[in-house]
Amino acid sequence: MVVLVTGSNGQLGQSLQFLAPRFPEIQFVFCTSSDLDITNKQNCEAVFAQIQPHYCINAAAYTAVDKAESEPEKAYKINVMGAKNLAEVCKAHRTILLHISTDFVFDGKKTTPYTETDIPNPTGVYGKTKLEGEIEIQKTLEQHYIIRTSWVYSQFGHNFMKTMLRLASERDRISVVNDQIGTPTHAVDLAECLVKIICHRELVEVQKPTNHDFGIYNFSNEGQCSWYDFARAIFSINDISIHLQPIPTSEFPTPAKRPAYSVLDKTKIKTVFGIDIKDWESRIRCQ
Ligand SMILES: NC(=O)c1ccc[n+]([C@@H]2O[C@H](COP(=O)([O-])OP(=O)(O)OC[C@H]3O[C@@H](n4cnc5c(N)ncnc54)[C@H](OP(=O)(O)O)[C@@H]3O)[C@@H](O)[C@H]2O)c1
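Predicted, not measured: the structure shown is a model, and the values here were computed from it.

Caption draft 1: Inspection of the environment of Gln50 at higher detail. Following the sequence through the fold, Gln50 ends up in helix α2 (residues 41–51). We classify Gln50 as exposed; its relative accessible area is 66%.

Below you can see the structure in the form of structure tokens.
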């Protein structure tokens, strides 16, 4: 089984590379943005023609949430046109697409976990482009899984955990917002979830070829916290003593408005694929 991974130098891409040796039955082909530019349709067609993947995991995206407000065309090109290009080449090659989306498609007005059927209403350019990317895939390709996730962190790439550790090495006081509630997701857990979906599908294809379970799924670690709680846990496990100040979002204005609440309900992914999900706090402690 051949699985093509786009954006392989990103956080999720590197997590998939980390995990790959555990799944020798899968032939992963990792493509960086220079190997495969998802905004270039001809490039996508040429790579798919050469690799002939059974699955494509799209780990490529424009992920700079605040910067997207000042460069919406770039975010659109990658998150919408890139997703559309991949959906079209997947359709032509009968490849199943696993695409990653975000909790930022929601406005955060709910106070209970978001399910896959809740109506999205993104508040910023990044969320809007990610939602449009989802829609392009749904319009183009039946054989897709869209996995919405939140607050991704890991030992790889850029993320909140690494920012906190860097700031702690530079300062003795840090302020972090405590009125945005969500759930951290370890990128390696997300990577494992994607591989389990593929393995599950391969099994189902043999047993019940008509049962496809395509569509949207939520995935994050379990539980919920504020960014302040997340920062406190990061410092605690790293034995870092620092003055950590909880602040409201109003005291930390950012170009992009973020959802106040974006906890995702994982019932569907757990039920359909039998995925066991670790609690965010125990996960961060067993890195
Ligand atoms: N990070 C989070 O907190 C978070 C939260 C929710 C959802 N997500 C979603 O999770 C997925 C993975 O995120 P991540 O944290 O792994 O992102 P990331 O670390 O920013 O990686 C994104 C990758 O996409 C590549 N890329 C950008 N433009 C490309 C193009 N035109 N063609 C091919 N590759 C391109 C980048 O390559 P270069 O470095 O070479 O530009 C980079 O390697 C994304 O879909 C993101 O929207 C992330």
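On we go from here.
Caption draft 2: Highlighting the sheet that holds strand β2 (residues 27–30). With parallel pairing, the 6 strands of this open sheet are ordered in space as β2-β1-β3-β4-β5-β10. The sheet terminates laterally at β2 and β10 (215–218), the two strands that pair on one side only. On average, adjacent strands in this sheet sit at an angle of 20 degrees to one another, irrespective of strand direction. When strand β4 (residues 96–102) meets strand β5 (residues 144–149), the two strands line up parallel, connected through 6 bridges. Residue pairing in the sheet places Ser101 in a bridge with Arg148 of β5. Running over the sheet, helix α1 (residues 11–19) touches β1 (2–6), β2, β3 (55–58) and β4 and is turned about 150 degrees from β2.

Caption draft 3: Examining the site of the ligand more closely. Contacts to the ligand come from 23 residues, most closely from Leu12, Ser33, Thr63, Tyr126 and Lys130. Measuring from an oxygen atom of the ligand, one finds a side-chain N or O atom of Thr63 at 2.6 Å. Between the ligand and the protein, one listed contact pairs an oxygen atom with a side-chain N or O atom of Lys130 at 2.8 Å. Computed on the free molecule, the ligand has an accessible area of 900 Å², of which 78% lies beneath the protein chains in the complex.

Caption draft 4: Spatial organisation of the pairing of β5. Summarising burial for β5: 6 of the 6 residues are buried, a large majority. Here β5 shows no split at all, with His144, Ile146 and Arg148 on one side and Tyr145, Ile147 and Thr149 on the other all buried. In the classification by handedness, the crossover that spans β4, the intervening helix α4 (residues 125–140) and the parallel β5 is right-handed. Sheet analysis places β5 next to β10, joined by 4 bridges and oriented parallel. Directly across from Tyr145, in β10, lies its bridge partner Gly215.

Definitions and cut-offs
- Every chain begins its residue count from 1, and numbering advances along the sequence as written.
- Confidence filtering applies because this is a predicted model: local features only for residues at pLDDT of at least 70, side-chain atom pairs given and counted only at 80 or more, and all residues used for totals across whole chains, interfaces and linings.
- Just so you know, side-chain values use all the structure's heavy atoms and leave hydrogens and water out.
- The secondary structure listing takes helices from DSSP runs of H or I that are at least 4 residues long and strands from runs of E that are at least 2 residues long, numbered from the N terminus.
- Exposure classes here rest on a 1.4 Å probe applied to the protein chains alone. A residue is buried below 20% of its type maximum, exposed above 50%, and partly exposed in between.
- Paired strands are those between which DSSP finds at least two bridges.
- Fitted lines through C-alpha atoms serve as axes, helices being fitted only where they are in contact, and the angles separating the N-to-C directions of these axes extend from 0 to 180 degrees.
- Any two residues whose heavy atoms approach within 4.5 Å are treated as being in contact.
- Here a residue counts as near a molecule or strand whenever at least one of its heavy atoms sits within 4 Å of it.
- Polar contacts, as counted here, are pairs of nitrogen or oxygen atoms within 3.5 Å of one another; within protein the pair requires one atom able to donate a hydrogen and one able to accept it, and residues that are adjacent in sequence qualify only if both atoms are side-chain atoms.
- Using a 1.4 Å probe, accessible areas were evaluated by the Shrake-Rupley method; residue-level cover was limited to the displayed protein chains.
- Looking down the strands as they point away from the viewer, one classifies a crossover as right-handed if the path from the first strand across the helix to the second runs clockwise.

Distances and angles like these do not, on their own, reveal function.
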